[in-house]
Number of protein chains: 2
Amino acid sequence: MLNETAVAVLEQTSAAEPEKRIRDRSATERAILTAAKNLLAEEGFQNFGINAVARRAGCDKQLIYRYYGGLDGLIEAIGADLGNWVKDRIPEDTGGMFLLTYGDLMERLALLFLEALRDDPLMRRIVAWEVSENTEQVRRLSEARSKALGQWLDRMRGSLTPPKGIDTAAVNALIFASIQHLVLSAAAGGQCAGLVLKNAKDWEKAATALKRLVRGVYG
Amino acid sequence: MLNETAVAVLEQTSAAEPEKRIRDRSATERAILTAAKNLLAEEGFQNFGINAVARRAGCDKQLIYRYYGGLDGLIEAIGADLGNWVKDRIPEDTGGMFLLTYGDLMERLALLFLEALRDDPLMRRIVAWEVSENTEQVRRLSEARSKALGQWLDRMRGSLTPPKGIDTAAVNALIFASIQHLVLSAAAGGQCAGLVLKNAKDWEKAATALKRLVRGVYG
DNA sequence: CCGGTCTGTCACCAATCGGTGAGTAACAGT
DNA sequence: ACTGTTACTCACCGATTGGTGACAGACCGG
């Protein structure tokens, strides 16, 4: 507990410490949103709550209720960015390659997705959240994400015709499921099903196996 | 709030309601453990705590501290059963088939694992827990599980020689990762990467795709 | 200058959390 | 029948949670 003199000393020593929050609603809104995203990315959804976000944003939780209508609205705001995730985090070009076959395409997409997910802690937390809880908020996040992913897949496929006689939707779901679980498991415990995934060499092996898997089905 | 008369009426009407806990330590220990497992299976790890377990077991939380040394010990006790999960939930026989090749084996194991995981809510929650948190307790659970899984794989492989030139460890990790994420995602939201997984027909398609994936790498 | 709106802060609420110390009731050994 | 141990319950602790109402100060239009 600080008394008045102690506070005075603090203010003296720390050079205009007050850091008085200026009256700027949109700036505060942004501060709250980024605080929420960073908090979610770093701490996970376990301790993701009104109090924690407000603490991190350095403002009162009341403002979260006012500006976002509570946690639900805030989560929805996070989800709104998800639509842009693919285009923000995954390069659209083919890396100078010519993708002639569906197999070429899927191999490339799988590797791109693997790296993108590996580099994005927020997205990892969201995916983990999706498989752990079944609340309305999470369902919304999940929907936005899978929709964006599907659109990306369609867009990248372009005019490439998928192979006949193969349920590409199901196969691709399995491929992307494997990537997601691999990355999540690695991020959480450094391994997946006994396969250690820590240094670059480990990931190299995983990528090779992934390529082999994709090439196995799609040639 | 109930007064004495209300309690008396309750006891009268509900036929020896008191359900007086008999003094049987091992029975209480079992009650706590099963309460914990059921709670975890039904509610997930989010609200899994001392109070909730005690409430469900119908005893005082103090007993959990005494008999299990707290939540950690209780979780450890849950993990102790995990070693037997494979043998309890997955049939050992080959279903009358002859598994001649490594591909035959892996296809069979993948399908068995898929069904077993689909039928076990507790195991699903644990897997989801593993990818969501990184505490010491969860790490223990994860370790026990992956160890049991690895032993099962080895045991089922028997004298079958894995194919040369393929990093089976990495490939199998990906295959099992895909199964786990597929099942978790389906259990949580009824779909995975846009692929709806609700009725038996949906799962049939997933199983076919899984077979195709396995056969693609292992022939 | 005055009144109202907007932005932000604070104090407080009931509920729940994990955790502990003390007490009670049933049993066993002598 | 007395004693000590075992099994169990209860009351309480501080901390934290989500949530709300009241208030203070900056700003803006009149």
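Let us look at the structure shown here.

## Some details on the protein's contact with DNA strand D
In the neighbourhood of DNA strand D, 20 residues make up the surrounding shell, with Arg23, Asn51 and Lys61 of chain A together with Arg23 and Arg66 of chain B lying closest. For DNA strand D, the backbone portion of the atoms within 4 Å of the protein, that is sugar and phosphate, comes to 50%. One of the side-chain N or O atoms of Arg23 of chain A is found 2.5 Å from a base nitrogen in DNA strand D. Note that a base oxygen of DNA strand D is positioned 2.4 Å from one of the side-chain N or O atoms of Arg23 of chain B. At the level of secondary structure, the elements contributing two or more residues to the surface near DNA strand D comprise helix 3 (50–57) and helix 4 (61–68) of chain A together with helix 2 (25–43) and helix 4 (61–68) of chain B. Considering each element in turn, the surface near DNA strand D owes the most residues, four residues, to helix 4 of chain B. Per-class residue counts for the surface near DNA strand D are six nonpolar, five polar and nine charged.

## What to know about the protein's contact with DNA strand C
Arg23, Thr28 and Arg66 of chain A together with Asn51 and Lys61 of chain B are the nearest of the 20 residues found near DNA strand C. What you see for DNA strand C is that sugar and phosphate hold 51% of its atoms within 4 Å of the protein. The contact in question runs from a phosphate oxygen of DNA strand C to an N or O atom on the side chain of Thr28 of chain A, over 2.5 Å. Measuring from a phosphate oxygen of DNA strand C, one finds a side-chain N or O atom of Arg55 of chain B at 2.8 Å.

## A closer look at the environment of Arg55 of chain A
Assignment of secondary structure puts Arg55 of chain A in helix 3. C-alpha of Arg55 of chain A to C-alpha of Val131 of chain A: the two residues are 76 residues apart in sequence and 27 Å apart in space.

## Some remarks on the side chain of Glu130 of chain A
On the secondary structure map, Glu130 of chain A appears in helix 8 (residues 121–130). Under the relative-accessibility criterion, Glu130 of chain A is labelled buried at 9%. Discounting residues that sit within four places of it in the chain, Glu130 of chain A has contacts with Val138, Leu141, Ser142 and Arg145 of chain A together with Ala188 of chain B.

## Let's talk about the side chain of Thr28 of chain A
Residue and element names in this part refer to chain A. Position of Thr28 among the secondary structure elements: in helix 2 (residues 25–43). What makes Thr28 buried here is its relative accessible area of 6%. The residues touching Thr28, leaving out its near neighbours within four places in the chain, are Arg21, Leu63 and Tyr67.

What counts and how
- Residues numbered from 1 in each chain as written.
- Chains lettered and ligands numbered in written order.
- Predicted model: local features only at pLDDT ≥ 70, side-chain atom pairs only at ≥ 80, totals over all residues.
- Heavy atoms only, no water.
- Near = heavy atom within 4 Å.
- Polar contact = N/O pair within 3.5 Å; in protein donor to acceptor, adjacent residues only side chain to side chain.
- Helix = DSSP H or I, 4+ residues; strand = E, 2+ residues; numbered from the N terminus.
- Nonpolar A, V, L, I, M, F, W, Y, C, P; charged D, E, K, R; others polar.
- Buried < 20%, exposed > 50% of the residue type's maximum accessible area, 1.4 Å probe, protein only.
- Contact = heavy atoms within 4.5 Å.

Structural measurements only, silent on function.
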